[in-house]
Amino acid sequence: YLLFTGSIGGSTSSHRGCVGIARREACGWALLDPLVTADGVNNELERPHLRFHKGRYVLFWSTQSHVFSDDVAPAPTGLYAMGSDAVLGPYRPRGSAGLVASNPQDAPMQAYSWWVGGNGEVSSFADRLGSNGVFAGTLAPVFWVEPSTW
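Bear in mind the structure is a predicted one, so any value in this text is a computation, not a measurement. Throughout this description, residue numbers start from 1 for each chain and increase along the sequence as written. In keeping with the predicted nature of the model, local features appear solely for residues at pLDDT of at least 70, side-chain atom pairs appear and are counted solely at 80 or more, and the whole-chain, interface and lining totals rest on all residues. Side-chain metrics rest on all non-hydrogen atoms present in the structure, leaving aside hydrogens and water.

Enquirer: Could you give me a rundown of the side chain of S11, with the residues and numbers involved?
Expert: Put simply, DSSP H or I for four residues or longer makes a helix, DSSP E for two residues or longer makes a strand, and each gets a number counted from the N terminus. Of note, S11 is situated in the loop between β1 (2-7) and β2 (16-25). In protein, a polar contact requires one atom able to donate a hydrogen and another able to accept it; more generally it is a pair of N or O atoms within 3.5 Å, and residues adjacent in sequence count only if both atoms are side-chain atoms. Within the structure, the side chain of S11 is placed 3.1 Å from the backbone nitrogen of S13, a separation counted as a polar contact. Leave out the neighbours within four places in its chain, and S11 touches R16 and D39. Contacts are residue-level and defined by heavy atoms, with any inter-residue pair within 4.5 Å sufficient.

Enquirer: Outline the pattern of salt bridges, supporting the account with residue identities and numerical values.
Expert: Within this document, salt bridges are pairs made up of a side-chain nitrogen of Lys or Arg and a carboxyl oxygen of Asp or Glu, the two lying within 4 Å of each other. Taken as a whole and judged by the stated rule, the model has two salt bridges. The salt bridge partner of R23 is E25, with a shortest N-O separation of 3.3 Å. In this structure R23 comes out as partly exposed when scored by relative accessible area, which is 30%. With its nearest N and O atoms 3.0 Å apart, the salt bridge here joins D85 to R56. Of this pair, D85 sits in the loop between β7 (78-84) and β8 (92-93) while R56 sits in strand β6 (residues 56-63), placing them 29 residues apart in sequence. In this structure D85 comes out as exposed when scored by relative accessible area, which is 54%. Think of it in three bands: residues with accessible area under 20% of the maximum for their type are buried, residues over 50% are exposed, and the middle band is partly exposed, with areas taken using a 1.4 Å probe on protein chains only.

Enquirer: Could you give an account of unusual backbone geometry, naming the residues involved and the relevant values?
Expert: Of note, the bond from G89 into P90 is cis; its omega dihedral lies within 30 degrees of zero at 10°. If you trace the backbone, P90 turns up in the loop between β7 and β8. A positive phi angle, close to 50°, is found at K54, a residue other than glycine. Along the chain, K54 turns up in the loop between β5 (46-53) and β6.

Enquirer: Let's hear about the confidence of the model for the protein: which residues, and what values?
Expert: Each residue carries a pLDDT value, the predictor's own confidence for that position, ranging from 0 to 100. Averaged over the protein, the pLDDT score is 91; the fraction of residues at 70 or greater is 98%. Confidence, expressed as mean pLDDT per element, reaches its minimum in the protein at strand β12 (residues 134-139) with 84 and its maximum at β2 with 98.

Enquirer: Would you mind going over the packing of aromatic side chains in detail, with residue names and values included?
Expert: Geometry of aromatic contacts follows a simple scheme: Phe, Tyr and Trp rings, the Trp one being its six-membered ring, pair when their centres are within 6.5 Å, and the pair is stacked under 30 degrees between planes, edge-to-face over 60, tilted otherwise. Taken as a whole and judged by the stated rule, the model has five aromatic pairs. Centroid distance F68 to Y80: 6.2 Å. Interplanar angle 55°. Geometry classified as tilted. Pair noted here: F68 is in the loop between β6 and β7 and Y80 is in strand β7, with a separation of 12 residues, a long-range link. A single burial state applies to F68 and to Y80, both of which are buried. Geometrically, the ring pair formed by Y112 and F125 is edge-to-face, given 6.3 Å between the ring centres and 80° between the ring planes. You can see Y112 sitting in strand β10 (residues 111-116) and its partner F125 sitting in strand β11 (residues 121-129), a full 13 residues away along the chain. Here the aromatic cluster, defined as three or more aromatic residues joined through ring pairs, consists of W61, F68 and Y80.

Enquirer: Describe the environment of V72, listing the residues and the values that go with them.
Expert: Among the structural elements, V72 can be located in the loop between β6 and β7. Along the backbone, V72 and V41 are 31 residues apart, and their C-alpha atoms lie at a distance of 6.6 Å.

Quick look at the structure:
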């Protein structure tokens, strides 16, 4: 399988992000239905990746607060997740909104582009630091998400 981020075709909303999936077949790639859609909610579900833990698939992605629709804002820049018993879904949010980790309110652009490793190790990059928003452009401190909470 190949995961990618995209936009929902035919949507009239400017917030129409999705996590797409394609399956490798003998004659090439077959485009399948998106795993997650955010029509009317969000326009960027970036860096999608799957983890498998105790018979369950967990789909993680990153998004930024400014790409949420005004109807759902304010929503934090953060790492989000949904889980499923099958690789092709259906996927349901982790908790009530799927939020796994976010930046502090006083530094809303502190880190971005989270990646969850197989052991729960989460890496990202430091984006903008402090209240003056100085660009950092380096690795952020690593933290762990306990796989049993996936």
